[in-house]
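Examination of the molecular architecture
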Amino acid sequence: MPVPQKPGAVRTKRGSIALSQTKAPAVKGAKAGNKRKDDDDGTDVGDGGDEWTQGKTLVKPQDQLDISEAELKEEFTRILTANNPHAPQNIVRYSFKERSYKQISSVDQLAVHFVLQGNLLHRDSDEARRQRAKHGIPEEKVAEVSLAESEDEADTPAAGAEDPGEAEEGGGEERPDSVETNLGKEERKLTNQFNFSERASQTLKNPLKERECQTEPPPRARFSATANQWEIYDAYVEELQKQEKIKEKQKALPSKKEEDKGKKKLVPVESQSDDITRVAKVAKIIERMVTQNTFDDIAQDFKYFEDASDEFREEEGTLLPLWKFQYDKAKRLSVTALCWNKKYKDLFAVGLGSYEFRRQGRGMLLFYSLKNTTFPEYVFSTLSGVMCLDLHPQFSYLVAVGFYDGRVAVYNLKEEGPQPVYRSTSKSGKHTDPVWQVKWQTDDTDNNHNFFSVSSDGRVVSWTLVKNELVFTDIIKLSTEGPVSDGQEGMLPAPAGGTSFDFHKQIDYLFLVGTEDGKIHKCSKSYSSQFLETYVAHSLPVDAVKWNHFHPKVFISCSSDWTVKIWDHTIKSPVFTFDLNAAVGDVAWAPYSSTVFAAVTTDGKEKKGQEVPKGPEVEVAKMEKLLSLLREPETVPQN
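Thresholds, definitions, all that
Residues numbered from 1 in each chain as written. Predicted model: local features only at pLDDT ≥ 70, side-chain atom pairs only at ≥ 80, totals over all residues. Heavy atoms only, no water. Core = buried A, V, L, I, M, F, W, Y, C linked by side-chain atoms within 4.5 Å. Buried < 20%, exposed > 50% of the residue type's maximum accessible area, 1.4 Å probe, protein only. Helix = DSSP H or I, 4+ residues; strand = E, 2+ residues; numbered from the N terminus. Contact = heavy atoms within 4.5 Å. Pairing = 2+ DSSP bridges. Axes fitted to C-alpha atoms, helices over the stretch in contact; angles between N-to-C directions. Salt bridge = Lys/Arg side-chain N within 4 Å of Asp/Glu carboxyl O. Patch = residues over 30% accessible without salt bridge, like charges linked within 9 Å, V, L, I, M, F, W, Y side chains within 5 Å. Areas by Shrake-Rupley, 256 points an atom, 1.4 Å probe, with all protein chains shown as cover. Lys, Arg positive; Asp, Glu negative; His and termini not counted. Charge placed at Lys NZ, Arg CZ, Asp CG, Glu CD.

Counting residues in each nonpolar core, the largest one holds 16 residues, and the members touching the most others are Leu365, Phe367, Leu389, Val401 and Tyr411. Elements with a minimum of two residues in this core: β5 (334-340), β6 (347-353), β7 (363-369), β9 (386-391), β10 (398-403) and β11 (408-412). For Leu389, the contacting residues outside a window of four places in its chain are Ala337, Cys339, Ala349, Val350, Gly351, Leu365, Ala400, Val401 and Val438.

What follows is the structure, given as structure tokens:
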């Protein structure tokens, strides 16, 4: 059944206009009449107006949805961007400034779909004339062709707007811009009558960028010379003279106030200093004599005291307090280190500081003598707390000190002044955590003094005294997974803080290191990339580790896990284990016996054995006998 036709346009439910146009044959005369009628009414009907006045047919697909008015009025917003969806977002370029690959933040969104390379020549140019002469095109023909093209372009819209019949009617009329009228006129350029902008001119061209850098080569110079012993000697002499001149200038340039004070008090100060220097040595001797006479009973007890009641105590003895050393300016400081002088038996050093993190501040280094217990022989104030110290076994005036802030320093008792002669700084490789132990070692091949230090930052460092500076060398870096090498890349393992170490009495390059995680590492001075052996010794930090004085294979360790263990370094398991029911702070072998040691616990008790001193060969034999019993236990004969 045919669908009835209705005039006008009918909108479908999806908002689109479906039109079925039925055209009637157009009659030239009717068009002309309509046009005259419109002219009479004063209205202008555009092209195609007759088509809209004809009937339209509504065409509805069978599967079209029925949409309500509210849904028809609903607006859907779509944002169109100029970004290229296929542009990569993870482009990486190498940065010469940072020496690494960096991701580029700006991505080029331009997409080139079509490129046609060509060229245009001006027709009056020399190149255009040469091409016309080459192809044999005369000048007049070129002018006619250009005029014809321009007319075609101008007539194209008018021809498309009217029917062929109308074109025939208007063909007889003369136009002012026709070819016939312009033949006798001069050629002129046609203007753009439609304000047309070519689409290609609106597209941005992809700019080409070139970057170049040119630098001058660095200047070079060749130098060659020969050096003999005299030239080296003269160079050293000149350096020493320069240093002496600098010291003299520093002394000779006091401030004006100091000069004025010095002029006013010159005579009395000189007289006082002369008097003090003359009396100081004598006064010290007299003070020692008075002190020894006053405390003669204590000196006698120190030399000959023996408590007869110790025979009736099985495992507990008695301690007789002898001297009490105190210094008024060292109050509120804890004793953190002690060391006896091996050359002068009555002299010992004391380090003062604090183990508490919140109470860190100043520290002190004191030297006491048993000949005068009322006042220290030497006093040095420090900016940080002293954690450890060691006196040189041969040059007893040199003292190595480790501080809580990670610095190490060397004091010379022969030098006047409160400052150390050598000191480590952040530039010279100081530790980043507290230094827990320092130990002097034998001089190197150049006869330079050197000592070792261990810290919680996991570094075991060798310090060498060279002229006026302290040179450091990292011997080994401790970690939870093994030693850390300098060239290691990637994620570094967590450092294992060192707490104590001890060097072998006979093998110079062998030493032991105790860590905060309870392990003991056997290391060598020559190999910094690996441990010779690792012993899983304790469950808490190792507080001390010591080699036996007599047996070369035995060492002892103590920890805060209440245990003291004796080891054979060729076996990974301990030989003896002693549980002292309290955290053990330190342990030491007896200097006269290979089987006697003393340990100090946090409950204030001291545990030690008692034995009559014997020769070193006997001590080695005793320890060897104990080890042999543990290695190869005797078998009981069966009946």
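So, on to the sheet that holds strand β19 (residues 519-524). Spatially, the 4 strands line up as an open sheet ordered β17-β18-β19-β20, and their pairing is antiparallel. Two strands bound the open sheet, and with one partner strand each, they are β17 (498-503) and β20 (533-536). Within the sheet, the average angular offset between the axes of one strand and its neighbour, ignoring direction, is 20°.

All right, on to the pairing of strand β26 (residues 597-601) then. If a strand is regular, its side chains alternate between the two faces of the sheet. Residues of β26 alternate between two faces, with Phe597, Ala599 and Thr601 buried on one and Ala598 and Val600 left unburied on the opposite face. Across 5 bridges, strand β25 (residues 584-589) lies against β26 in antiparallel orientation. If you follow Val584 over to β26, its bridge partner there is Thr601.

Under the criterion given, the structure shown has 12 salt bridges. For Glu127, the salt bridge identified is with Arg130, shortest N-O distance 2.6 Å. Here Arg130 and Glu127 lie together in helix α4 (residues 126-135), a separation of 3 residues that amounts to about one turn. Assessed through its relative accessible area of 52%, Arg130 is described here as exposed. Among the salt bridges present, the one from Lys546 reaches Asp586, with a minimum N-O distance of 3.8 Å. Of the two residues, Lys546 sits in strand β21 (residues 542-547) while Asp586 sits in strand β25, which places them 40 residues apart along the sequence.

Below, the discussion takes up unusual backbone geometry. A positive phi angle, near 60°, is found at Asn447, a position not held by glycine. Turning to its location among the elements, Asn447 is positioned in the loop between β13 (435-441) and β14 (450-455). For Trp562, which is not glycine, the phi dihedral falls at a positive 80°. Among the structural elements, Trp562 can be located in the loop between β22 (554-559) and β23 (563-568). Take Trp562: its relative accessible area is 42%, and that puts it in the partly exposed class.

The subject of this paragraph is the pairing of β9. The buried fraction of β9 is high, at 6 of 6 residues. Taken together, the 5 bridges between β9 and β10 define a ladder with antiparallel strand orientation. Within the sheet, the bridge partner assigned to Cys388 lies in β10 and is Gly402. Where β9 folds back onto β10 in an antiparallel hairpin, the turn is made up of 6 residues.

Our focus in this paragraph is the environment of Ser106. You can see Ser106 is positioned in the loop between β4 (100-103) and α4. Residue classification places Ser106 among the exposed positions, given a relative accessible area of 58%. For the pair formed by Ser106 and Gln89, sequence separation is 17 residues and the distance between their alpha carbons is 8.7 Å.

Right, let's talk about the sheet that holds β23 for a bit. Taken in spatial order, the 4 strands make up an open sheet running β21-β22-β23-β24, and their pairing is antiparallel. With one partner strand each, in any of the chains shown, β21 and β24 (576-579) form the two edges of the open sheet. Across the sheet, the mean angle from the axis of one strand to that of its neighbour is 15°, orientation sign disregarded. Sheet analysis places β23 next to β24, joined by 4 bridges and oriented antiparallel. Residue pairing across strands places Val564 opposite Phe578, the latter belonging to β24.

Looking now at a negative patch on the surface. Residues Glu231, Asp234, Glu238 and Glu239 make up a contiguous surface patch of negative charge. With respect to the helices and strands, the residue Glu239 is situated in helix α8 (residues 229-251). The exposure class of Glu239 is partly exposed, given its relative accessible area of 41%.

Read these as spatial facts, not as claims about activity.
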